[in-house]
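Structural characterization, general
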Amino acid sequence: MIMSDESFYPIIDVAGTPSDMGAQHGRQLRERIHATASAMREQVGREPYEACWDDFQETVEYCWANAPELMEEMEGIAEGAKISFRDVFRINAHLDLTNWRGRVWDAREGGDAGACSSHAVATGSEVLLGWNGDDWQGWMNSGALVRGRPDGGEAFIYWSLAGSVGRPGLGEHVALGANSLPSGRWRADGLLYPMVCRKLLACHSAQNALDAFQTYTRCSPMNYLVADRMGSLINVESTPDNVAVLRPDPEGATPFLLHTNSYLDAGVAGEEVDPDACPRLNAARRLYAERVPADTRAARAVLSDHTGGVCVHLPHACTLVSFVAEVKAGRIHVTRGNPCSHAGEWHNLHANAVRATRSIRSNRGKRV
Ligand SMILES: [Zn+2]
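For the structure given in this document, a descriptive report is provided here. (Residues numbered from 1 in each chain as written. Predicted model: local features only at pLDDT ≥ 70, side-chain atom pairs only at ≥ 80, totals over all residues.)

Focus on the sheet that holds strand S10 (residues 243-246)
With mixed pairing, the 8 strands of this open sheet are ordered in space as S1-S4-S5-S6-S7-S8-S9-S10. Here the strands that pair on one side only, and so sit at the sheet edges, are strand S1 (11-16) and S10. Strand-to-strand twist across the sheet, computed as the mean angle between neighbouring axes with direction ignored, equals 25°. By the bridge criterion, 4 bridges tie strand S9 (residues 233-238) to S10 in an arrangement that is antiparallel. If you follow asparagine 235 over to S10, its bridge partner there is leucine 246. Packing of helix H1 (residues 18-28) onto the sheet brings it into contact with S1 and strand S4 (143-150), and relative to S1 it is tilted by some 160°. (Pairing = 2+ DSSP bridges. Helix = DSSP H or I, 4+ residues; strand = E, 2+ residues; numbered from the N terminus. Axes fitted to C-alpha atoms, helices over the stretch in contact; angles between N-to-C directions. Contact = placed C-beta atoms within 7 Å.)

The following block contains the structure:
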């Protein structure tokens, strides 16, 4: 049993067919997946947790049509964890479910819904992508790092709630950050947030990721920041109906992109936007204006900022996970909880570390 007082998130390795990878994921994180499903039921509320399933039928159909490999992986997770597919699907629908609850169930915003900060910068020698995942602090007992290699596919590593098939992380060619956006709209016929992330992590370039992104509809608004090995940086601000692409300032000496949880594009927001609305974004802008981070240490310092609260300390919410990916090196530096409290304790993991199929070392319970 993985205890809640661990300093670091557990990491698991998976490889093979979608079903194989899911079953390995489910077995290795079984307790954590059950705990996550219980917490999800409590967070969403028992009644809406049950009631949402009817509304999500169209989503299930869309996902089977557009991402069958990730649905098979979820079935494998359910089998491996000895839990229902519905529970696994609802873990994957965490953000979409929160949005559904706000839009459809009680027509109000969810309480401490996730916030996040994404920064990407192409230095002279590396491409860095930093991400803080901020949310209800109870999810610290649910998080895990999943590192894998699908048969015939691209290796990946991502952080997510146990039982999820994706979230921000690092692929072989791109790194991904994401930030939730105010939930003006929810649609049933789209991909869930973790599934969009996995599709993007498998892409060969930022442009390729943008092209892939536009072939799917999404259930919820979300901002995705993609950085590729060649130093191309693309920010995709999206609602279920609209997309705006933001690129680095062409006048800037060092290309970088910053994003948090407020719309920067009025067309996507559907209303006027205040570009200075988010103090975390303002803090990141100020720090980048002072000095653009040139290495992982400097990128970590921005993620640990307290002048504008990039590093989140609230009564019930915190920075759950913080990472800096070195895209060229294929390495990710990651910590559990607030980055400020882990000055010297970040773990370096290689995305491309899992060998192809059926030679998986068991990492059950291994701490990273
Ligand atoms: Zn802090």
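Having put the structure on the table, let's press on.
Re the sheet that holds strand S11 (residues 256-259)
Taken in spatial order, the 6 strands line up as S11-S2-S3-S12-S13-S14 in an open sheet, and their pairing is antiparallel. Two strands bound the open sheet, and with one partner strand each, they are S11 and strand S14 (347-350). Taken over all neighbouring pairs, the strand axes of this sheet differ in orientation by 15° on average, direction set aside. Here 8 bridges tie strand S2 (residues 115-122) to strand S3 (residues 127-136), and the two strands are oriented antiparallel to one another. Bridge assignment links serine 117 to a residue of S3, and that residue is asparagine 132. Sitting on the sheet, helix H12 (residues 296-303) is in contact with S2, S3, strand S12 (317-326) and strand S13 (331-336), with an inclination near 25° to S3.

Quick look at the pairing of strand S7 (residues 174-180)
Two faces make up the sheet, and in a regular strand the side chains alternate between them. Most of S7 sits out of view: 7 of its 7 residues are buried. Residue alternation in S7 divides its side chains into two sets, Val174, Leu176, Ala178 and Ser180 and Ala175, Gly177 and Asn179, and both sets are buried. Direction of pairing for strand S6 (residues 169-171) relative to S7: antiparallel, over a ladder of 2 bridges. For leucine 170, the partnering residue across the bridge sits in S7 and is alanine 175. Connecting S6 to the antiparallel partner S7 that follows it, the hairpin turn spans 2 residues. (Buried ≥ 20, exposed ≤ 12 C-beta atoms within 10 Å, placed from the backbone.)

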